[in-house]
Amino acid sequence: NTDEAAGQTVLGVTAQFPATGEIAIATTTRTNGQSEQRTISTADATTVTVTAGLTNAHSGTSPTQAEVIYLTRNSVIQGESDSLQGFIRFAATANYVFDYVEFYRLGSNTETQRGVDVLTTTGSGTISNSALHNFPVAGAGISTGTNANNFTLTNNVMYNVLGGFKVNTTTSSNWSIDGNTCIFCGWFDPTV
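Residues numbered from 1 in each chain as written. Predicted model: local features only at pLDDT ≥ 70, side-chain atom pairs only at ≥ 80, totals over all residues. Heavy atoms only, no water.

Novice: What am I meant to see in the sheet that holds strand 14 (residues 149-154) here?
Specialist: Each strand in a sheet pairs with another by means of backbone hydrogen bonds, the pair being arranged parallel or else antiparallel. An order of 8-11-14-17 is seen for the four strands of this open sheet, with the pairing classed as parallel. On the outer flanks of this sheet lie strand 8 (95-99) and strand 17 (173-178), each paired with one strand and no other. Neighbouring strand axes in the sheet, compared pairwise and without regard to direction, differ in orientation by 5° on average. Pairing of strand 14 with strand 17, which is carried by five bridges, proceeds in the parallel orientation. In the sheet register, Leu-153 faces strand 17, and the bridge partner there is Ile-177. (Pairing = 2+ DSSP bridges. Helix = DSSP H or I, 4+ residues; strand = E, 2+ residues; numbered from the N terminus. Axes fitted to C-alpha atoms, helices over the stretch in contact; angles between N-to-C directions.)

So, in structure tokens, the structure goes:
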């Protein structure tokens, strides 16, 4: 909620963040690469102090006020490194619920290994209140297979998910994507 110059380490916020963890700050220009990730060193009700200064200035003034999202969760599913990513594939009859989970370094540009691949047909699942970030490959993201059904992505935060969302709306049904905040993410493709 305050304008922050490049190099700034104390950020004004409208909600309290935990005293440690990772945050992402949205760009407030037309240059999406000015979004950035930082590590919290301290936080109180109105400020977050980060361990390294901002690379870019960020507006705290409406209508270009930067979104700040918290990426850290206690349960983490992650790949080994940016070059050895993991992936999750939910098969046809899978039933799953992920709530407050951090998904990190997932995905490739290979079909059914995109990061989070939903192939459920008779199963169902939900990913909610989770953080999905740093999916380092251009095709990595969240995708549905042919005839994928019964899945919900709600109230998640996402940062640097380069492949975005690919949802096969032609044959998929009973799905909901709602209340998510995406910073520096790829596209939403409803026609794959």
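Novice: Just checking my understanding: could you explain the packing of aromatic side chains for this structure?
Specialist: Two aromatic rings are characterised by how far apart their centres lie and by the angle between their planes. The tally for this structure, following the rule as stated, stands at seven aromatic pairs. Seen from their ring centres, Tyr-159 and Phe-184 are 6.4 Å apart, and the 45° between their planes marks the pair as tilted. In this pair, Tyr-159 is assigned in strand 15 (residues 157-161) and Phe-184 in the loop between strand 18 (181-183) and strand 19 (188-189), connecting sequence segments 25 residues apart. One aromatic cluster is present, formed by Phe-90, Tyr-96, Phe-98 and Phe-103 through successive ring pairs. (Phe/Tyr/Trp six-rings, centres within 6.5 Å; stacked < 30°, edge-to-face > 60°.)

Novice: It is not clear to me how the side chain of Arg-114 should be interpreted in this structure. Could you clarify?
Specialist: Positionally, Arg-114 belongs in the loop between strand 9 (101-104) and strand 10 (115-118). Residue class for Arg-114 comes out buried when judged on its relative accessible area of 13%. Only 2.9 Å separates the side chain of Arg-114 from the side chain of Asn-109, close enough to count as a polar contact. Excluding residues within four positions of it along the chain, Arg-114 makes contact with Gly-107, Ser-108, Asn-109, Gly-139, Ala-140, Gly-141, Ser-143 and Lys-166. (Buried < 20%, exposed > 50% of the residue type's maximum accessible area, 1.4 Å probe, protein only. Polar contact = N/O pair within 3.5 Å; in protein donor to acceptor, adjacent residues only side chain to side chain. Contact = heavy atoms within 4.5 Å.)

Novice: In this structure, what is going on with the nonpolar core? I would like to understand it.
Specialist: A general tendency of soluble globular proteins is for nonpolar side chains to be buried together. Residues Phe-90, Phe-103, Val-116, Ile-127, Leu-132 and Phe-135 are the most contacted members of the largest nonpolar core, which totals 21 residues. Contact partners of Phe-135, with chain neighbours within four places excluded, come to Phe-103, Tyr-104, Arg-105, Leu-106, Gly-115, Val-116, Ala-140, Gly-141, Asn-160, Val-161 and Leu-162. With 10 residues, the next largest nonpolar core counts Ile-23, Val-48, Leu-54 and Tyr-70 among its residues. (Core = buried A, V, L, I, M, F, W, Y, C linked by side-chain atoms within 4.5 Å.)

Novice: Before we go on, may I ask you to explain the sheet that holds strand 18 in this structure?
Specialist: What the five strands build is an open sheet, ordered 6-9-12-15-18; its pairing is parallel. Two strands close off the open sheet at either side, each with one partner strand: strand 6 (75-78) and strand 18. Ignoring which end each strand starts from, the neighbouring axes of this sheet average 15° apart. Strand direction decides the pairing type here: strand 15 and strand 18, joined by three bridges, are parallel. Across the sheet, the residue bridging to Met-158 is Cys-182, located in strand 18.

Novice: Teacher, can you tell me more about the pairing of strand 3 (residues 36-43) here?
Specialist: It is a general feature of regular strands that their side chains alternate between the two faces of the sheet. Where strand 2 (residues 21-25) meets strand 3, five bridges bridge the pair, whose relative direction is antiparallel. Bridge pairing links Ala-24 to Gln-37 in strand 3. Two elements, strand 3 and strand 4 (residues 47-50), share three bridges in a ladder whose sense is antiparallel. Within the sheet, the bridge partner assigned to Ile-40 lies in strand 4 and is Val-50. The antiparallel pairing of strand 3 with strand 4 creates a hairpin that spans three residues between the two strands.

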